[in-house]
Amino acid sequence: MSSNFVVSLKETRNPLEDILVPVEQRIGYVGGETPVIPIYFYRLLGVEGEEENDFNIYINELFRLDEQLSAYGRYVRFDGSILTPQNNEMSYFKNFIGKSLTQDPTALRKQGLSLFFNSRIFYGHSHYAVIHKAFLQVLDLFLKNESFLNTSKVETFVVKILIWLQRIIEKLYPTSQPDQDIPKIIFYGDIKAHEVYFLIFASLLGIDILYIHTEPAKEQRFSQIDSNDMFSKRMVYSNSFPIKPFPQEAKRVRKKTVTYEAKEEIESFLYGEEVGIFKTRQFETGLTKPITLRTTHDEMKILWHEDAKIRPEFQVKNEIVYVPNLFVKVSGTYPQLEDYWKELFEMKETVNTVFREKVDFTPITYSRQEMYSTSFVFDANGLIEKEKLFKHPLYKLAYLNQTVQDFVVSKMNELIKSDMFLKEMDDDLRIKILMTVITLEKDFLRLVESFDFTGKVPKIVIYDNKPDNFSETDIILLCYFNLIGADILIYTPTNYNNIEAWINRNYFDIHQLPAVQFDLEIPNDIPKTKTGFLKRFFKR
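Just so you know, these numbers come straight off a predicted model, no measurement behind them. Residue positions are counted from 1 within each chain, in the order its sequence is given. Where local features are concerned, this predicted model is filtered to residues with pLDDT of at least 70; where side-chain atom pairs are given and counted, the filter is 80 or more; whole-chain, interface and lining totals use all residues. In computing side-chain properties, one takes all heavy atoms of the structure into account and sets aside hydrogens as well as water.

Trainee: Let's hear about the overall build of the protein: which residues, and what values?
Mentor: On a plain count of helices and strands, the protein comes out with 18 helices and 15 strands. Here the globule rule is a power law, 2.2 Å times the number of residues to the power 0.38, and the radius of gyration is based on C-alpha atoms. Taking 2.2 N^0.38 as the reference for a compact globule, 540 residues should give roughly 24 Å; the C-alpha atoms of the protein span a radius of gyration of 31 Å, well beyond that estimate. A principal-axis box enclosing the C-alpha atoms of the protein has dimensions of 110 × 60 × 45 Å. Per-residue accessibility, obtained with a 1.4 Å probe over protein chains only, is compared with the maximum for each type, and a residue is labelled buried under 20%, exposed over 50%, and partly exposed between these values. Of all 540 residues assigned to the protein, the portion counted as buried reaches 51%. Throughout, the Shrake-Rupley method with a 1.4 Å probe supplies accessible areas, and for residues the shown protein chains are the sole cover considered. Total accessible area on the protein stands at roughly 27,000 Å², and carbon and sulfur atoms take up 51% of it. Helix and strand assignments come from DSSP, with helices taken as H or I runs of at least 4 residues and strands as E runs of at least 2, each series counted from the N terminus.

Trainee: Give me the lowdown on the packing of aromatic side chains, citing residues and values where you can.
Mentor: Note on ring pairs: Phe, Tyr and Trp rings are taken, using the six-membered ring of Trp, and paired if centres are within 6.5 Å. Classes follow the plane angle, with under 30 degrees stacked, over 60 edge-to-face and the rest tilted. In the structure shown here, the tally under the stated rule is 27 aromatic pairs. Taken together, a centroid distance of 5.1 Å and an interplanar angle of 25° make the contact between Phe55 and Phe241 stacked. Remark: Phe241 occurs in the loop between β7 (233–236) and α9 (258–271) and Phe55 occurs in helix α2 (residues 52–72); sequence separation between them is 186 residues. For the pair shown, Phe55 and Phe241 are each scored as buried. Their ring planes at 85° and their centres at 5.3 Å tell us that Phe142 and Tyr197 sit as a pair that is edge-to-face. With a gap of 55 residues between them, Phe142 in helix α5 (residues 128–145) and Tyr197 in helix α7 (residues 193–204) connect regions that are remote in the sequence. By the burial criterion, Phe142 is buried, and Tyr197 matches it. In this structure, Lys459 is placed above the aromatic ring of Trp304, and the distance from its NZ or CZ to the ring centre is 4.7 Å. By definition here, charges over rings are those cases where NZ of Lys or CZ of Arg is within 6 Å of the ring centre and within 35 degrees of the ring normal. Cation over ring: Arg505 sits above Phe508, and NZ or CZ is 5.1 Å from the ring centre.

Trainee: An account of the sheet that holds strand β8 (residues 287–292) is requested, with residue identities and associated values reported.
Mentor: If you trace the three strands from one edge of the open sheet to the other, you get β8-β10-β9, paired in mixed fashion. This sheet does not close on itself; its edge strands, each paired only once, are β8 and β9 (315–317). Across the sheet, the mean angle from the axis of one strand to that of its neighbour is 25°, orientation sign disregarded. Here a strand pair is declared whenever DSSP counts at least two bridges between the two strands. Relative to strand β10 (residues 320–325), β9 runs antiparallel, the two sharing three bridges. By the bridge assignment for β10, Val316 is matched with Val321. In what follows, a contact means two residues having at least one pair of non-hydrogen atoms within 4.5 Å. Note on method: axes are straight lines fitted to C-alpha atoms, helices fitted across the in-contact stretch only, with angles between N-to-C directions ranging 0 to 180 degrees. The strands touched by helix α17 (residues 472–484) are β8 and β10; relative to β8, the strand with the most contacts, the crossing angle is about 105°.

Trainee: With reference to specific residues and values, describe the environment of Ile476.
Mentor: As for its position among the elements, Ile476 is in helix α17. A relative accessible area of 1% means that Ile476 is categorised as buried. Between the C-alpha atom of Ile476 and that of Ser410, which follows or precedes it by 66 residues, the distance is 15 Å. Every residue in contact with Ile476, bar those within four places of it in the chain, is listed here: Leu415, Phe421, Leu429, Lys432, Ile433 and Thr436.

Trainee: Any chance you could break down the environment of Glu155 for me, citing the residues and the numbers?
Mentor: On the secondary structure map, Glu155 appears in helix α6 (residues 151–172). For the pair formed by Glu155 and Tyr40, sequence separation is 115 residues and the distance between their alpha carbons is 29 Å.

Trainee: Give a description of a nonpolar patch on the surface that names residues and reports values.
Mentor: A contiguous nonpolar patch, built from Tyr496, Val516 and Phe518 and spanning about 260 Å² of accessible area, is present on the exposed surface. Mapped onto the fold, Tyr496 is located in the loop between β14 (487–492) and β15 (509–512). The patches described consist of residues with a relative accessible area above 30% and no salt bridge, like charges being joined within 9 Å and nonpolar side chains (Val, Leu, Ile, Met, Phe, Trp, Tyr) within 5 Å. Take a side-chain nitrogen of Lys or Arg and a carboxyl oxygen of Asp or Glu: if they are within 4 Å of each other, that pair is a salt bridge.

Trainee: An account of the packing of helix α14 (residues 402–417) against helix α15 (residues 427–438) is requested, with residue identities and associated values reported.
Mentor: Packing of α14 against α15 leaves a shortest axis separation of 10 Å and a crossing angle of 150°. One way to sum up the angle between α14 and α15 is to call them roughly antiparallel. Considering how the two elements wind past one another, α14 and α15 form a crossing that is right-handed. Across the interface between the two elements, Val408, Met412, Leu415 and Ile416 from α14 touch Arg430, Ile433, Leu434, Val437 and Ile438 from α15. Polar here means any residue outside two lists: the nonpolar Ala, Val, Leu, Ile, Met, Phe, Trp, Tyr, Cys and Pro, and the charged Asp, Glu, Lys and Arg; Gly therefore counts as polar. Classifying every residue of the contact of α14 with α15 gives eight nonpolar, no polar and one charged. With respect to orientation, any angle under 35 degrees is reported as roughly parallel, any angle over 145 as roughly antiparallel, any angle of 65 to 115 as roughly perpendicular, and every other angle as oblique. The hand of a helix crossing depends on one turn: near helix anticlockwise from the far one by less than a right angle means left-handed, and clockwise means right-handed.

Trainee: Describe in detail α6, supporting the description with residues and values.
Mentor: In an α-helix, one turn spans 3.6 residues; hence positions three or four apart end up facing the same way. Take the residue count of a helix, subtract one, and multiply by 1.5 Å to get its expected span. With 22 residues, α6 extends 31 Å between its outermost C-alpha atoms, agreeing within 8% with the 32 Å of an ideal straight helix rising 1.5 Å per residue. At every residue, the bend is computed as the angle between two fitted axes, covering the seven residues ending there and the seven beginning there respectively. Taken as a whole, α6 carries its principal kink of about 35° at Gln166. For α6, the N-terminal cap is Asn150; the gap from its side-chain oxygen to the backbone nitrogen of Ser152 is 3.1 Å. Here a polar contact is taken to be a pair of N or O atoms separated by no more than 3.5 Å, where protein atoms must pair a possible hydrogen donor with a possible acceptor and residues adjacent in sequence count only if both atoms sit in side chains.

Following this line, the structure appears as structure tokens:
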């Protein structure tokens, strides 16, 4: 790319995607000796959608974009603030700072330019001319906007701008590589005035910029400096969420199916006021992230029999398989019990399904002394160190494929970090999670072993017709398999509470059937409705 170019600020409806478009494919790009470089500089404020799930979906988009840009190479991300210049950085500039003090704008401009030229910090760089031109623009903008300026304030501003660029220029314009495309900067979180000017300065160098904040009100300083959106464009959503650290991993999200959304739209109108092909076990060394679907009851019965890869919201990103799964409690029964039994038998007899006819189905085969002997396998953050676990005498899963063992441990740690339990996560609960998983019964363990993430989804069906509640280890097992990506179905003909007392309501759905039955035992076979004499006669 030529070092003598013109920067053009470009608009888009989707900056998170279009920032990845190569410069030569952007509308408005002009080549030649003096090319026109279309750049994106967007302030993305707030979140589209008001639920926490919407926030997590957005955070996942940022996480994936950061991964893509990191692989791209010419990219810098600032989280919250830019480190102020340190003494060893500042010392270089002491020889170039003038001794005369003034508040006159013309004199201040000369002092700022003098400091830039005398420092010769970018002299000889292939982009020196562009840096010079951009510096003049941002210095003039600073002098125009700021009040009560003096020599000290201007010199501090100039030194910050130059040092900040000096820190990242080799990353954005590596001398070992020719300029092939546009560098990128993401600034995430609260921002100060000098940092706003620095982003404007960087954009004038032909760098794509995204400033991101989930709280629109915290962007006030930016709006004061670029009040007419001359240097950047704004995309503001009405919903505000407290800013959190930039994501280090993808979040769990829930996606609504088309049928579910259509159902919501119809209900709001009536009652409201207003192809992928994969080989077998292709991702055996990867991980899963469940996308627990919200569905109607009829749609749930259809999805139950479908492979993961043909379910809505299935996707694969960076060796992570996002598995659309089901976690449903069916309360009550149909008026005709034959219909109820037919459905339950159909669900529990599906391939790759474990069925339990009562709660408290996880036997405890270890003593308290054995249980607490595993406490040393946890690190300072309360997570399991797999190498220590693999050496523990109670660990009996070493016969499994290593990728399966690693997967089992990663999902235990994911459960420990989750908020699925209503109970607070403490040392006792962490140890119980560990012991429940490493002592799984064979049929449950085989669900994990046989799970091809893009194919048949493992399933658990529970029938609970008594007032007796699930045991804590039952709940741990259900939450663990939900995180793996398994389908879970709990039939409760009595309408009694069970998992509601243990699990965060956001992670499962309740489908309510019209009738209620007590002390309803499962028959050996599906009962047949008796046919009267006249019906039998007319069938002949």
